[in-house]
Amino acid sequence: MRRQALLVLVMLVAGQMAWAQAPKTPESVQKANEVLMALADIDLLLVLTPLKLEKEQITKIKPLLEQAQSDLMRMEERNAQALLSLRDEVMSARKEALKGKTPPEELRKKLQEADNTAMQLRIKTVDQVVRTLWAKLEAILSDSQKQTIYSQAREQMRNLRRPNADKASRKELGEFFTQEVLLSPRTLPLLEELQKSAE
C-alpha cells in the first residue's frame, strides 16, 4: 500500500513536470466538471441542511473550519518540503533512468522513508485536527443537531461497511462526521452560501 502511494506520488510529480504547459481543457470537460461539482455539493447539502444550523452557529463554525483547513495545509506543506529536499537527487536519477540506469537503492530508501514520515504526519495531524474541531463543535451544536450527526455518521459508516458501526461511540461518530463531511473542501463555501440564503 505504501509502495503504491509512493509510486503514485512519484508519478504525479513526474506527470506535472512532463506537462511544462498543460493542454487546454475542452469546454465540454470544464462544464462536465461543473456538473460533477454541483452533484458533490448536493450530496454535502443533503447532509448539512438537516442540521438546520442557525446563522449565529455558522458564524462560529466558519473560523473553526478555516483554522482546521489551515492546520492541514501546513502539514501538507511540511510533507512537500520533505519531498522537495530530494528534488536534485530525483532529477539526477531521472536523467540516469533515461539512459537505462536503475535509480540507486539509497534514493529508493530515502523516498520510502519520506513517504512513511509523510503518512505518519498526515495520520497524526488529521487525527489531532478532527478531535480538536469536534470538541469545539460540540459546544456550538444543539443536542438535536448532534443527534442528527450521530445518525448520519452511523449510516455513512454502515454504507462504507465499517466494522462495529453500530457500536461506535458518540465521540467516534462525531469525529467521523467531522472528518468526512465538515473537513470536505466544499463544506466551508457551502456553509457561506447557506448563511447568505438565510438572510
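Residues numbered from 1 in each chain as written. Predicted model: local features only at pLDDT ≥ 70, side-chain atom pairs only at ≥ 80, totals over all residues. Heavy atoms only, no water.

Considerations on the overall build of the protein chain
Spelled out, the test is: Counting from the N terminus, the helices are DSSP H or I runs at least four residues long and the strands are E runs at least two residues long. Relative accessibility under 20% of the residue-type maximum defines a buried residue, over 50% an exposed one, and the middle range a partly exposed one, all with a 1.4 Å probe and only protein chains included. For this analysis, residues touch if any pair of their heavy atoms sits within 4.5 Å.
The secondary structure content of the protein chain amounts to 8 helices and 0 strands. Each helix and strand of the protein chain, ordered N terminal to C terminal, gives the series α-α-α-α-α-α-α-α. When the 199 residues of the protein chain are sorted by exposure, 29% land in the buried category. Of the contacts formed within the protein chain by residues at least 6 apart in sequence, a portion of 76% connects residues at least 24 apart.

A word on a nonpolar patch on the surface
Rules: Residues enter patches when their relative accessible area tops 30% and they take part in no salt bridge; the joining distance is 9 Å for like charges and 5 Å for the nonpolar side chains Val, Leu, Ile, Met, Phe, Trp and Tyr. Each accessible area is a Shrake-Rupley result for a 1.4 Å probe, and residues are judged covered by the shown protein chains and nothing else. The term salt bridge refers to a side-chain nitrogen of Lys or Arg lying within 4 Å of a carboxyl oxygen of Asp or Glu.
Together, Val35, Leu36, Leu39, Ile42 and Leu46 make up an exposed nonpolar region whose accessible area comes to about 490 Å². With respect to the secondary-structure elements, Leu46 resides in helix α2 (residues 27–48).

With respect to the nonpolar core
It is characteristic of soluble globular proteins that their nonpolar side chains tend to be buried jointly. Inclusion rule: Throughout this description, the term nonpolar core refers to a set of buried Ala, Val, Leu, Ile, Met, Phe, Trp, Tyr and Cys residues connected via side-chain atoms within 4.5 Å.
Among the nonpolar cores identified, the biggest contains 36 residues, and Ile61, Leu137 and Phe177 are the most heavily contacted of them. Elements with a minimum of two residues in this core: α2, α3 (55–84), α5 (105–140), α6 (143–159), α7 (170–182) and α8 (187–197). Of all the elements, α5 adds the most residues to this core, at 8 residues. Residue contacts for Leu137: discarding those within four places in its chain leaves Ile61, Leu64, Thr178 and Leu182.

Notes on the pattern of salt bridges
Pairing is possible between side chains that carry opposite charge, provided their charged atoms lie close to one another. What the rule picks out here adds up to 13 salt bridges. The partner of Asp71 in a salt bridge is Arg74, with the nearest N and O atoms 2.2 Å apart. You can see Asp71 and its partner Arg74 sitting in helix α3, 3 residues apart, about one turn around the helix. On the basis of relative accessibility, which here comes to 47%, the residue Arg74 falls in the partly exposed class. When salt bridges that share partners are traced, they join Glu89, Glu106 and Lys110 into one network.

Focus: the side chain of Asp41
What counts here: Polar contacts, as used here, are pairs of N or O atoms within 3.5 Å; protein pairs need one atom able to donate a hydrogen and one able to accept it. Residues neighboring in sequence count only if both atoms are side-chain atoms.
Mapped onto the secondary structure, Asp41 falls in helix α2. Accessibility expressed as a relative area gives 11% for Asp41, which makes it buried. A polar contact is formed between the side chain of Asp41 and the side chain of Arg186, at a distance of 2.8 Å. Residue contacts for Asp41: discarding those within four places in its chain leaves Arg186 and Leu190.

What about the environment of Arg154?
Mapped onto the secondary structure, Arg154 falls in helix α6. Arg154 sits 20 residues away from Gly174 along the chain, and the two C-alpha atoms are 9.5 Å apart. In this structure, Arg154 is in contact with Ala165, Asp166, Lys167, Ala168 and Leu173, ignoring residues within four places of it in sequence.

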